[in-house]
Amino acid sequence: MGEYVQLGAVKTWYDEQGTGEPLVLMHGGLVDARFFEANTPALAEHFHVYTPERRGHGHTPDVEGPISYQLMADDTIAFLETVVGQPADLVGHSDGAFTAMLVAMQRPELVKRLVLISGGFNKSGEAGPEMEWDVPAITQFLGPAYGEVSPDGEDHFPVVATKIGEMAAKEPDLQASELNVITARTLIMFSDDDLVTLAHAVEMYDNIPNAEFAIVPGTSHFLIQEKPHLVNTLVLDFLTNEPVPTIAAIRRAPAPDNT
């Protein structure tokens, strides 16, 4: 059923499933926690799973003013401090992945492990030709689902879609070298036909110090729905096991001692 918590100006809705260590699922842009319906039950067998919905998404009403990744990161930090109350694993998809990345960079003590699914760090990594942000088309595609749960009603969806479009026109905008401040053990996961290039995904892997890397074959940006069993298996393997000692380490090989 879910419940609300007032976090500053945002009346944030969230649900909880399972018991154990806390895990926070962070949905993508213009969707809500229902996007994880194929993933949450498997994760809740091992963790206390929280599924908050960000400002202007799902059951959480919109707030006057623009939406930015930094505002969503601030909202997530407030959720972690107020509701979770201890360090948590963060699993984010798309916009949720970049928001989780910002939280891990700015408040590392709140993040145990980090799973970044289909979320790039800079617009230069976008795959394919630049597409026009067509609010009427996006509204036709996603507006009805928004209207099923939003307290603002379906008619408000174009307002939120416009805000997200304005954010997406200039963000995310990090440099690869900035990612090296992430201290949490991190799983980077993309599809083999995602919204960013594979070169961009590898650049993330190269610049996050304690990172592991997965490509889910035969999927698109909607990989968590297209192959949920495989995605769940990879995420749970990462979150429930310590790193194995590898036999022929290249990237992870210790630096030679030249003394």
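Note: the structure precedes this text.
Residues numbered from 1 in each chain as written. Predicted model: local features only at pLDDT ≥ 70, side-chain atom pairs only at ≥ 80, totals over all residues. Heavy atoms only, no water.

## Examining the sheet that holds strand β7 (residues 111-117)
The pairing of strands in a sheet happens through backbone hydrogen bonds and is either parallel or antiparallel. Selection rule: A pair of strands is labelled paired if DSSP reports no fewer than 2 bridges between them. Put simply, DSSP H or I for four residues or longer makes a helix, DSSP E for two residues or longer makes a strand, and each gets a number counted from the N terminus. By definition in these notes, contact holds between two residues if any of their heavy atoms fall within 4.5 Å. Only the contacting stretch of a helix is used when fitting its axis, a line to C-alpha atoms as for every element, and angles between N-to-C directions run 0 to 180 degrees.
Spatial ordering of the open sheet is given by β3-β5-β4-β6-β7-β8-β9, a layout of seven strands whose pairing is mixed. Both outer strands of the open sheet, β3 (16-17) and β9 (211-216), are each paired with one neighbouring strand and no more. Bridging between β3 and strand β5 (residues 48-50) involves two bridges; their strand directions are antiparallel. In the sheet register, glutamate 16 faces β5, and the bridge partner there is tyrosine 50. Across the sheet, helix α2 (residues 69-84) is in contact with β4 (22-26), β5 and β6 (88-93); its angle to β4 comes to roughly 150 degrees.

## Points about helix α4 (residues 135-149)
Keep this limit in mind: The span you would expect from a helix comes to 1.5 Å times its residue count less one. Relative accessibility thresholds used throughout: buried, under 20% of the residue-type maximum; exposed, over 50%; partly exposed, between the two (1.4 Å probe, protein chains only). Here a polar contact is taken to be a pair of N or O atoms separated by no more than 3.5 Å, where protein atoms must pair a possible hydrogen donor with a possible acceptor and residues adjacent in sequence count only if both atoms sit in side chains.
Along its 15 residues, α4 runs 20 Å from first to last C-alpha, staying within 8% of the 21 Å computed at 1.5 Å per residue. Along α4, the residues classified as buried are Val135, Ile138, Thr139, Leu142, Gly143, Tyr146 and Val149. Packing partners of the buried residues in α4 comprise α5 (157-168). Where α4 starts, the residue carrying a side-chain oxygen 3.2 Å from the main-chain nitrogen of alanine 137 turns out to be aspartate 134.

## Structural notes on unusual backbone geometry
Along the chain, glutamate 171 connects to proline 172 via a cis peptide bond; the corresponding omega equals 0 degrees. Mapped onto the elements, proline 172 comes out in the loop between α5 and β8 (185-191). Here serine 118, not a glycine, exhibits a phi torsion of approximately 55 degrees, which is positive. Along the chain, serine 118 falls in the loop between β7 and α4.

The quantities given are spatial measurements derived from coordinates; they are silent on function.
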